[in-house]
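So the chains spell out like this:
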Amino acid sequence: MSSELKKKTRLKGYFEPTPKRFRVLGDSIAGASLFVAGLNLDNPKLMLIIGIAGGIGKFITNFFTDETS
């Protein structure tokens with residue numbers, strides 16, 4: 001019996017618990033995008049693009065789940 005877990009991406013996975021590694025990754029993406037957007041206060045279009053990209057990155061990481069083999 002193997003205790004190894006596989007990572008799987010699927011639509012139903014959004015409502016299942018997200019592995020810690022992917023939660024940290026999503027939070028890091030969101031935080032980094034806000035930091036970079038804050039550095040570019042003189043360019044609002046770039047701020048918007050970076051903010052949206054960070055939000056999408058955070059959203060996508062919620063689809064990862066653990067699958068027991």
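Because the structure is predicted, anything quoted here is derived from the model rather than measured.

Calculation rules
- Residues numbered from 1 in each chain as written.
- Predicted model: local features only at pLDDT ≥ 70, side-chain atom pairs only at ≥ 80, totals over all residues.
- Heavy atoms only, no water.
- Helix = DSSP H or I, 4+ residues; strand = E, 2+ residues; numbered from the N terminus.
- Buried < 20%, exposed > 50% of the residue type's maximum accessible area, 1.4 Å probe, protein only.
- Contact = heavy atoms within 4.5 Å.
- Areas by Shrake-Rupley, 256 points an atom, 1.4 Å probe, with all protein chains shown as cover.
- Salt bridge = Lys/Arg side-chain N within 4 Å of Asp/Glu carboxyl O.
- Axes fitted to C-alpha atoms, helices over the stretch in contact; angles between N-to-C directions.
- Parallel < 35°, antiparallel > 145°, perpendicular 65-115°, else oblique.
- Nonpolar A, V, L, I, M, F, W, Y, C, P; charged D, E, K, R; others polar.
- Phe/Tyr/Trp six-rings, centres within 6.5 Å; stacked < 30°, edge-to-face > 60°.

Novice: Sorry, what's going on with the overall build of the protein here?
Specialist: When you go through the protein residue by residue, the secondary structure sums to two helices and two strands. Scanning the protein from its N terminus toward the C terminus, one meets helices and strands in the order β-α-α-β. Across the 69 residues of the protein, 20% fall into the buried class. Considering only residue pairs separated by 6 or more positions, the protein has 79% of its internal contacts joining residues 24 or more positions apart. Summing over all exposed atoms, the protein offers an accessible surface of approximately 5,400 Å²; the carbon and sulfur share of this is 67%.

Novice: Hey, could you run me through the pattern of salt bridges in this one?
Specialist: Side-chain pairs of opposite charge can arise whenever the charged atoms involved come near each other. Enumeration according to the criterion identifies one salt bridge in this entry. Across the pair Lys58 and Asp27 runs a salt bridge, and its minimum N-O distance is 2.6 Å. Residue Lys58 is located in helix α2 (residues 44–61), and its partner Asp27 is located in helix α1 (residues 20–39); the two are separated by 31 residues in the primary sequence.

Novice: Looking at this structure, how should I read the packing of α1 against α2?
Specialist: Packed helices, taken two at a time, are described by their axes: the angle between them and the distance between them. At a closest axis distance of 8 Å, the pairing of α1 and α2 adopts a crossing angle of 175°. Of the possible angle classes, the one that applies to α1 and α2 is roughly antiparallel. In this structure, α1 contributes Phe22, Arg23, Leu25, Gly26, Asp27, Ile29, Ala30, Ser33, Val36 and Ala37 to the contact, and α2 contributes Met47, Ile50, Gly54, Gly57, Lys58 and Thr61. Taken together, the residues of the contact of α1 with α2 sort by class into eight nonpolar, five polar and three charged.

Novice: Where do I start with the environment of Gly55 in this structure?
Specialist: Inspection of the secondary structure assignment puts Gly55 in helix α2. C-alpha separation for the pair Gly55 and Gly26, spaced 29 residues apart in sequence, amounts to 8.8 Å.

Novice: Whenever I open this one, the side chain of Ser33 confuses me. Can you help?
Specialist: Here Ser33 shows up in helix α1. On the basis of relative accessibility, which here comes to 10%, the residue Ser33 falls in the buried class. Setting aside anything within four residues of it in sequence, one finds Ser33 in contact with Ile50 and Gly54.

Novice: Whenever I open this one, the packing of aromatic side chains confuses me. Can you help?
Specialist: Within this structure, the stated rule accounts for two aromatic pairs. Arranged with centres 4.2 Å apart and planes meeting at 0°, the rings of Phe22 and Phe64 form a pair that is stacked. Pair noted here: Phe22 is in helix α1 and Phe64 is in strand β2 (residues 64–68), with a separation of 42 residues, a long-range link. Judged by relative accessible area, Phe22 falls into the buried class, the value being 13%.

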